Amino acid sequence: MDQPSGGISLEIVGVSKRFLARGRMVEALAPVDLQVKAGELICLLGPSGCGKSTLLSIIAGLEPPSGGLIRAGGRKVQGPGIDRVLLFQEAALFPWLDVQHNVAFGLRQAGMPEAERMRMAREYLELVHLSGFEHSYVHQLSGGMRQRVALARALVLNPAVLLMDEPFGALDALTRDKLQIELETIWAATGKTILFVTHNVREAVALGDRVLVFSPRPGRIIQEFSITLPRPRSLEHHQTIDQAREILAVLHAGQRPDEEANDEW
Ligand code: ADP
Ligand code: MG
């Protein structure tokens, strides 16, 4: 495989976001400050509607911030770029293309010749353990396989930053555990910078170098946890469970009383 390049740093400097919705101003993000080192894996936790997806969209350059700025690798973000790729819970693949052509799609946009595109697509499908499914169509795949395709499609572009928005949220527990381990392996091998949004506190502890807990809207970081447990981390290990319990308490404490915490840990 062509050697993938590693991650870049992210600086989030006083980033805030307001939306005008049905004539009302909604403050989605309070000013957020965060420094992410190149190659760091950061997990974001917080109640629904606290602005996690909004923050990822701003970092991806899909939304401008209302205030503040983002620097990626020292350069101000002014729009989307292939150094930063966003992955969602729904894999958003093209149903009319087979798996291999889905993965190669972005390379075509980049003007790479067909044979080279197909070679790279096959390599990245191997990386996500989907060899043999090159010619399958999206409707023939399970949810976990679709997320693998989406991951291959992102990685083949060799982005420095992966912005992952609850990517495993809709998967069954077993598939999710497997994909977590594979993501960690790929991250360790490539040194990508990863921002990973999840509702699952244990998942955050298992994956993150740091776990950031956000307040309800307007979202701001209420606490940051450095996770120093040795890798790979087991979801079932008592240290993982203890750390998750501590974080969950902070998540609960930050919650408004009328909102239900997500106890899925
Ligand atoms: P999270 O991902 O943490 O659940 P979001 O970032 O999706 O939260 O949303 C934060 C808040 O901003 C919510 O109240 C949401 O309704 C609002 N919001 C998000 N996008 C828009 C938009 N395009 N227009 C208006 N309001 C929005
Ligand atoms: Mg969201």
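Under the annotation held in an unreviewed UniProt entry, the protein chain carries the name Nitrate/sulfonate/bicarbonate ABC transporter ATP-binding protein and is attributed to Candidatus Chloroploca asiatica.

### Examining the nonpolar core
If you look at the biggest cluster of nonpolar residues, it comprises 52 residues, and the most contacted ones within it are Leu-151, Phe-196 and Ile-247. For this core, the element with the highest residue contribution is helix α4 (residues 143–155), accounting for seven residues. Domain assignment of the residues forming this core places at least three in each of domain 1 (1–83 + 159–259) and domain 2 (93–158). The contact partners of Ile-247, leaving out residues within four places of it in the chain, are Leu-45, Val-201, Val-205, Val-211, Val-213, Phe-225 and Ile-227. In terms of nonpolar packing, the next biggest core, distinct from the first, is built from 26 residues, Val-36, Val-77, Val-161 and Val-197 among them.

### Let's talk about the site of ligand 1
Every residue near ligand 1 is listed here: Phe-19, Ala-21, Ala-28, Pro-47, Ser-48, Gly-49, Cys-50, Gly-51, Lys-52, Ser-53, Thr-54 and Arg-217. Ser-53 places a side-chain nitrogen or oxygen 2.7 Å from an oxygen atom of ligand 1. The separation between an oxygen atom of ligand 1 and a polar side-chain atom of Thr-54 is 2.5 Å. Protein contact buries 65% of the 560 Å² of open area that ligand 1 shows by itself. For the shell around ligand 1, the secondary structure elements donating two or more residues are β1 (10–21) and α1 (52–60). A per-element tally of the shell around ligand 1 places α1 first, with three residues. Partitioning the shell around ligand 1 into residue classes produces five nonpolar, five polar and two charged.

### Considering the UniProt feature "domain: ABC transporter" (unreviewed entry) in the protein chain
UniProt feature "domain: ABC transporter" (unreviewed entry): in the numbering of this structure it lies at residues 10–241. Helix makes up 33% of residues 10–241 and strand 27%, with an end-to-end C-alpha separation of 29 Å.

### Some points on the sheet that holds strand β10 (residues 221–226)
The mixed open sheet is built from six strands, whose spatial order is β6-β7-β8-β3-β9-β10. In this open sheet, the two edge strands, each paired with only one partner strand, are β6 (84–87) and β10. Direction aside, the axes of adjacent strands within the sheet are offset by 15 degrees on average. Bridge count between β6 and strand β7 (residues 161–165): four bridges; the pairing is parallel. Each bridged residue has a counterpart across the sheet, and for Leu-86 the counterpart in β7 is Leu-163.

### Overview of the packing of helix α2 (residues 99–109) against helix α3 (residues 114–127)
Viewed as axis vectors pointing N to C, α2 and α3 meet at an angle of 120 degrees, and their least axial separation amounts to 8 Å. Taken together, the axis directions place α2 and α3 in an arrangement best described as oblique. The handedness of the crossing between α2 and α3 comes out as right-handed. Of α3, the residues touching α2 (which contributes Val-99, Gln-100, His-101, Val-103, Ala-104, Leu-107 and Arg-108) are Glu-114, Arg-117, Met-118, Met-120, Ala-121, Arg-122 and Leu-125. Here the contact of α2 with α3 is composed, by residue class, of eight nonpolar, two polar and four charged.

### Concerning unusual backbone geometry
With an omega of -5 degrees, the peptide bond between Arg-217 and Pro-218 qualifies as cis. Of note, the bond from Arg-231 into Pro-232 is cis; its omega dihedral lies within 30 degrees of zero at -10 degrees. Mapped onto the elements of the fold, Pro-232 is located in the loop between β10 and α7 (238–254). A positive phi angle, near 45 degrees, is found at Arg-22, a position not held by glycine. Along the chain, Arg-22 turns up in the loop between β1 and β2 (24–36). Looking at Arg-22, the relative accessible area reads 88%, which means it is exposed.

### Observations concerning the sheet that holds strand β5 (residues 75–76)
Ordered in space as β2-β1-β4-β5, the four strands form an open sheet in which the pairing is antiparallel. Two strands close off the open sheet at either side, each with one partner strand: β2 and β5. Judged from the two bridges that link them, strand β4 (residues 67–72) and β5 form a sheet pairing that is antiparallel. Counterpart to Arg-71 in the pairing with β5 is Lys-76. Contacts from α1 reach β1, β2 and β4, with the element oriented near 115 degrees to β1.

### A few points about the environment of Leu-163
Note on placement: Leu-163 falls in strand β7. Between the C-alpha atoms of Leu-163 and Gly-144, which are 19 residues apart in sequence, the distance is 18 Å. Excluding residues within four positions of it along the chain, Leu-163 makes contact with Leu-56, Ile-59, Ala-60, Arg-84, Val-85, Leu-86, Leu-87 and Leu-195.

Rules used throughout
- Residues numbered from 1 in each chain as written.
- Chains lettered and ligands numbered in written order.
- Predicted model: local features only at pLDDT ≥ 70, side-chain atom pairs only at ≥ 80, totals over all residues.
- Heavy atoms only, no water.
- Core = buried A, V, L, I, M, F, W, Y, C linked by side-chain atoms within 4.5 Å.
- Buried < 20%, exposed > 50% of the residue type's maximum accessible area, 1.4 Å probe, protein only.
- Helix = DSSP H or I, 4+ residues; strand = E, 2+ residues; numbered from the N terminus.
- Domains from an automatic or database assignment.
- Contact = heavy atoms within 4.5 Å.
- Near = heavy atom within 4 Å.
- Polar contact = N/O pair within 3.5 Å; in protein donor to acceptor, adjacent residues only side chain to side chain.
- Areas by Shrake-Rupley, 256 points an atom, 1.4 Å probe, with all protein chains shown as cover.
- Nonpolar A, V, L, I, M, F, W, Y, C, P; charged D, E, K, R; others polar.
- UniProt positions renumbered as here; feature names shortened; annotations may be inferred.
- Pairing = 2+ DSSP bridges.
- Axes fitted to C-alpha atoms, helices over the stretch in contact; angles between N-to-C directions.
- Parallel < 35°, antiparallel > 145°, perpendicular 65-115°, else oblique.
- Left-handed = near helix turned anticlockwise from the far one by under 90°.

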